[in-house]
Amino acid sequence: MNTIWTYGPISQLTTGPQRVELGEGGTPLVASRYIGPRLGLANLYFKMENLNPTGSYKDRFAAVLVSGMVRDGQKACIATSSGNTGAALAAYCAAGGIRCQIVVVDGAPVPKLRQMQLYGAEILMIRDFGKDPVVTAGVFDTLESICSSRGIPLPISAYRYCAEGMQGVETIAAEIVDAAGEVEHVFVPAGGGGLTLAVTRGVMTRGARVRVHCVQPSGNDTIATPLRTGAGQARQVVSSTAISGLQVANVIDGDQVIANCRALHGNGYAVEDQAVYRWHKALAQKEGIFCEPAGAVALAGLEDALNRGEIGPGEAVVCLVTGSGFKDMPSVEHNFGLPGVQTADSRELAGLLA
């Protein structure tokens, strides 16, 4: 089976004993059985990044980053995360024998925090981090200074901070192009823009003619609207979205996302949280795909594109499913409206199931 290490540029970064591998990459591309036909699309596919070892695409980043730390003899990792990066780093640091300390955004879901802790990471939550751009910038600056003084990288999944680690994320695009052939559109959820930038870079490296679209919650619209309206730069916002993992109020990789998406004739889509939650439930109950809400953002963007008449019914479309639903169970309790469990005597069983 293909993993990220089968791709040439990645294979050159580290060698056998230095690599910290847990089976990352090689995730399936699954054809839609219900949602695609309902939307009038004959060729809709889901890239199942929720099936990576810790349940998100961030494992591709962590595998490369932590392998580089092992290569360089580093024994400490200080990172920042809204959840998935932290979980991935915690797992790969555990496997690599590296101490892991993570500064997490305000309001990160408890299941994600527990996942970091169960791998042995030490975590600290900072008030208003990830919501207020001034606080967020201050945290980044402080952590960057600490890591610089200790001669270690600051593992933020963005090219601005960790370009080498982000090469692992670029393999998503390579896998899509290799598996699906003539894909015409890829819809990508975005917070700070690192994932979208990685997909554009991967598409460009493969020389593929694929339009990459950036989708953001409207409450964290740093990139999508500037891309759509022809602006040259992303913008800071005060994040108000409830979609965990996409609460990134600062620009980070946003300017380059705009440039690359525009070069690939992609567009920006800002979607409402309620549309995301609706598709989150539909993916589970109509396709059997249980993702966290952030994993349904790309599909909400596709719906917007179809409503605008910007996608044709015969075009091949891929939506990234970025993380597992088990990472954010509170969103299920709040949004799925699941019934209580019925209890009965065994003598009533046949009648109840008739």
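Residues numbered from 1 in each chain as written. Predicted model: local features only at pLDDT ≥ 70, side-chain atom pairs only at ≥ 80, totals over all residues. Heavy atoms only, no water.

Asks: I tried to follow the overall build of the chain on my own but got confused; where do I start?
Replies: Scanning the chain for helices and strands turns up 14 helices and nine strands. In summary, the chain has a C-alpha radius of gyration of 20 Å against a globular reference of 20 Å for 354 residues, a match within 12%. The dimensions of the chain, computed from C-alpha atoms along their principal axes, are 65 × 55 × 45 Å. Expressed as a percentage of its 354 residues, the buried residues of the chain come to 57%. Counting only contacts in the chain whose residues sit at least 6 apart along the sequence, the fraction spanning at least 24 positions is 71%. Summing over all exposed atoms, the chain offers an accessible surface of approximately 14,400 Å²; the carbon and sulfur share of this is 50%. Side chains of the chain carry 28 positive and 32 negative charges; the gap between the two charge centres is 1 Å. (Helix = DSSP H or I, 4+ residues; strand = E, 2+ residues; numbered from the N terminus. Rg over C-alpha atoms; globule rule 2.2 N^0.38 Å. Buried < 20%, exposed > 50% of the residue type's maximum accessible area, 1.4 Å probe, protein only. Contact = heavy atoms within 4.5 Å. Areas by Shrake-Rupley, 256 points an atom, 1.4 Å probe, with all protein chains shown as cover. Lys, Arg positive; Asp, Glu negative; His and termini not counted. Charge placed at Lys NZ, Arg CZ, Asp CG, Glu CD.)

Asks: How should the pairing of strand E7 (residues 211-217) be read in this particular structure?
Replies: Regular strands have side chains that alternate between both faces of the sheet. Of all seven residues that make up E7, six are buried, and the element is covered over most of its length. Following the backbone out of strand E6 (residues 185-189), through helix H8 (residues 194-206) and into the adjacent parallel E7, one traces a crossover that is right-handed. Pairing analysis gives four bridges linking E7 to strand E8 (residues 268-271), with the strands arranged parallel. Bridging across to E8, Val 215 finds its partner in Tyr 269. (Right-handed = clockwise from strand over helix to strand, strands pointing away. Pairing = 2+ DSSP bridges.)

Asks: Sorry if this is basic, but what is going on with the packing of aromatic side chains here?
Replies: Any two aromatic rings considered together are summarised by their centre-to-centre distance and by the angle between their planes. Within this structure, the stated rule accounts for four aromatic pairs. Where Phe 129 meets Phe 140, the ring centres are 5.8 Å apart and the plane angle is 90 degrees; that geometry is what we call edge-to-face. Note that Phe 129 is positioned in the loop between strand E5 (122-125) and helix H6 (133-150) and Phe 140 in helix H6, a separation of eleven residues in sequence. When its relative accessible area of 7% is taken as the criterion, Phe 140 is described as buried. (Phe/Tyr/Trp six-rings, centres within 6.5 Å; stacked < 30°, edge-to-face > 60°.)

Asks: For this particular structure, what's the right way to read the sheet that holds strand E2 (residues 43-48)?
Replies: Pairing between the strands of a sheet is mediated by backbone hydrogen bonds and can be parallel or antiparallel. With respect to topology, six strands assemble into an open sheet ordered E1-E2-E9-E6-E7-E8, the strand pairing being mixed. Two strands lie at the open edges of the sheet, namely strand E1 (29-31) and E8, each paired on one side alone. Taken over all neighbouring pairs, the strand axes of this sheet differ in orientation by 25 degrees on average, direction set aside. Relative to E2, E1 runs antiparallel, the two sharing three bridges. By the bridge assignment, Val 30 is partnered in E2 with Phe 46. Contacting E6, E7 and strand E9 (316-321), H8 crosses the sheet at an angle of about 155 degrees to E6. (Axes fitted to C-alpha atoms, helices over the stretch in contact; angles between N-to-C directions.)

Asks: What exactly am I supposed to notice about the side chain of Asn 260 here?
Replies: By secondary structure assignment, the location of Asn 260 is in helix H10 (residues 254-263). Within polar-contact distance, the side chain of Asn 260 engages the side chain of Thr 200 at 3.1 Å. (Polar contact = N/O pair within 3.5 Å; in protein donor to acceptor, adjacent residues only side chain to side chain.)

Asks: In this structure, what is going on with the sheet that holds strand E4 (residues 99-104)? I would like to understand it.
Replies: Strand order in the open sheet formed by three strands is E3-E4-E5, and the pairing between neighbours is parallel. Because the sheet does not close on itself, it has two edges, and the strands there are strand E3 (76-81) and E5. Across the sheet, the axes of successive neighbouring strands diverge by a mean angle of 20 degrees, strand direction being ignored. Taken together, the four bridges between E4 and E5 define a ladder with parallel strand orientation. Residue pairing for E5: Gln 101 is matched across the bridge by Glu 122. Set on the sheet, H6 makes contact with E3 and E4; between it and E3 the angle comes to about 170 degrees.

It is worth stressing that arrangement in space is one thing and function is another; only the former is reported here.
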